[in-house]
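# Fold and contact review
Spelled out, the chains give:
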Amino acid sequence: MTHSHPHDTARCRWDADWLDTCRRHDDIAAEWARDCPALEGCGCLDDVIDACRHDDLAMLAVLTRAQAGCPTAGRCVLQAVLPMLAHLARRDPARQLDDYLGACWPEAMRWRPEPGSRVLVTLALNTRKALVRDGGGLWLVTDIEPAAEPAEPPLTAVEIVAVSRRLRLVPRASADVLISVYSDGLTAKQAAERHGMSHDMARYRCSTAVRALRTHRDELLDNLPA
């Protein structure tokens with residue numbers, strides 16, 4: 001006898017809810033398309049989701065509608081980010097997809113993206129950080145995009161940062177900011193206050209360090225303790 005994985009059960013439930021949303025509200029897509037150039041050509045809600053996953057301006061337009069109180073737009077936000085959250089949930093031994101979706105909603109409603117933001121990726125990262133307050137993983141910054149189920153277990157921020165320091169990939173000050181953000185779940189502003197630096201400097205140290213970790217991902221994995 002086979003049993004459904006909890007993640008698969010939750011995904012099926014959300015997909016069924018999405019089909020019902022499309023059945024009842026597909027017509028609104030054409031209205032959005034007339035008002036927003038980034039959604040031009042969208043004739044149904046599935047078209048809107050496809051646009052959101054390929055164009056940050058489209059995702060930002062839908063997120064803005066959701067924050068203004070449109071429930072259909074809010075459901076679209078969750079559907080657009082669902083594959084990323086499902087990917088993260090499968091790699092998280094402590095939480096399930098419903099936990100990620102539940103944390104995503106308040107994050108989406110209070111977040112004000114800055115120009116040039118990668119909206120879906122940042123929303124997924126913000127959701128993960130909202131769930132993590134001690135002992136979270138920096139593994140996600142090297143593999144945030146939806147992908148095939150990885151073979152390796154999740155890596156902790158402490159492990160990744162320790163190896164990156166030993167390999168001299170990031171300076172100490174940047175490593176400390178990474179731990180504050182990806183392990184302790186602080187915002188960049190809170191991390192800046194903790195480490196006595198400006199908000200911009202904390203964001204700079206974090207972003208450049210993450211870029212270095214992504215660039216040297218294979219080297220990091222090869223040097224992790226067995």
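Look a little higher up for the structure.
Attention in this report is confined to the structure presented alongside it. (Residues numbered from 1 in each chain as written. Predicted model: local features only at pLDDT ≥ 70, side-chain atom pairs only at ≥ 80, totals over all residues. Heavy atoms only, no water.)

### A word on the side chain of Gln79
Which entries qualify depends on this criterion: Helix and strand definitions here come from DSSP, where helices need a minimum of 4 consecutive H or I residues and strands a minimum of 2 consecutive E residues; each element is numbered from the N-terminal end. Buried, partly exposed and exposed residues are distinguished by accessible area as a fraction of the type maximum, computed with a 1.4 Å probe on protein chains only: under 20%, between the cut-offs, and over 50%, respectively. Every residue pair with non-hydrogen atoms within 4.5 Å of one another is taken to be in contact.
Inspection of the secondary structure assignment puts Gln79 in helix α5 (residues 71–90). Judged by its relative accessible area of 6%, Gln79 is buried. Those residues in contact with Gln79 that sit more than four places away from it in its chain are Trp14, Asp15, Trp18, Ile49 and Arg53.

### Observations concerning the nonpolar core
Short version of the rule: To form a nonpolar core, buried Ala, Val, Leu, Ile, Met, Phe, Trp, Tyr and Cys residues must be joined to one another through side-chain atoms within 4.5 Å.
Ranked by size, the top nonpolar core spans 65 residues in total, and within it Trp32, Leu39, Leu45, Val48 and Val62 carry the most contacts. Considering every element that reaches this core, the biggest residue donor is α5, with 12 residues. Here Trp32 is in contact with Leu39, Leu45, Val48, Val62, Arg65, Cys70, Thr72, Ala73 and Cys76, once residues within four sequence places are set aside.

### Let's talk about the pattern of salt bridges
Stated precisely, the cut-off is as follows: Salt bridges are defined as contacts in which a side-chain nitrogen from Lys or Arg sits within 4 Å of a carboxyl oxygen from Asp or Glu.
The tally for this structure, following the rule as stated, stands at eight salt bridges. Note that Asp98 is salt-bridged to Arg13, the shortest N-O span being 2.4 Å. One end of the pair, Asp98, is in helix α6 (residues 97–110); the other, Arg13, is in helix α1 (residues 6–25), with 85 residues separating them in the sequence. The class of Arg13 is partly exposed, set by a relative accessible area of 42%. Ionic pairing is found between Arg110 and Glu107, a salt bridge with its closest N-O pair at 2.5 Å.

### Points about the packing of helix α9 (residues 172–183) against helix α10 (residues 188–195)
Note the cut-off: Interaxial angle, 0 to 180 degrees, is taken between N-to-C directions of lines fitted to C-alpha atoms, where a helix line uses only the stretch in contact. For classification, angles of less than 35 degrees are called roughly parallel, those exceeding 145 degrees roughly antiparallel, those between 65 and 115 degrees roughly perpendicular, and all remaining angles oblique. Helix crossings are classified by the rotation of the near helix relative to the far one: an anticlockwise turn of less than a right angle makes the crossing left-handed, while a clockwise turn makes it right-handed. In the scheme used here, Gly and all other residues not listed as nonpolar or charged are polar, with Ala, Val, Leu, Ile, Met, Phe, Trp, Tyr, Cys and Pro taken as nonpolar and Asp, Glu, Lys and Arg as charged.
α10 packs onto α9 with a crossing angle of 135° between their chain directions and a minimal axis gap of 9 Å. With respect to each other, α9 and α10 are oriented oblique. Two packed elements cross with a definite hand, and for α9 against α10 that hand is right-handed. Contacts between α9 and α10 pair Asp176, Val177, Ser180 and Val181 from the former with Ala191, Arg194 and His195 from the latter. Residue composition of the contact of α9 with α10, grouped by class: three nonpolar, two polar and two charged.

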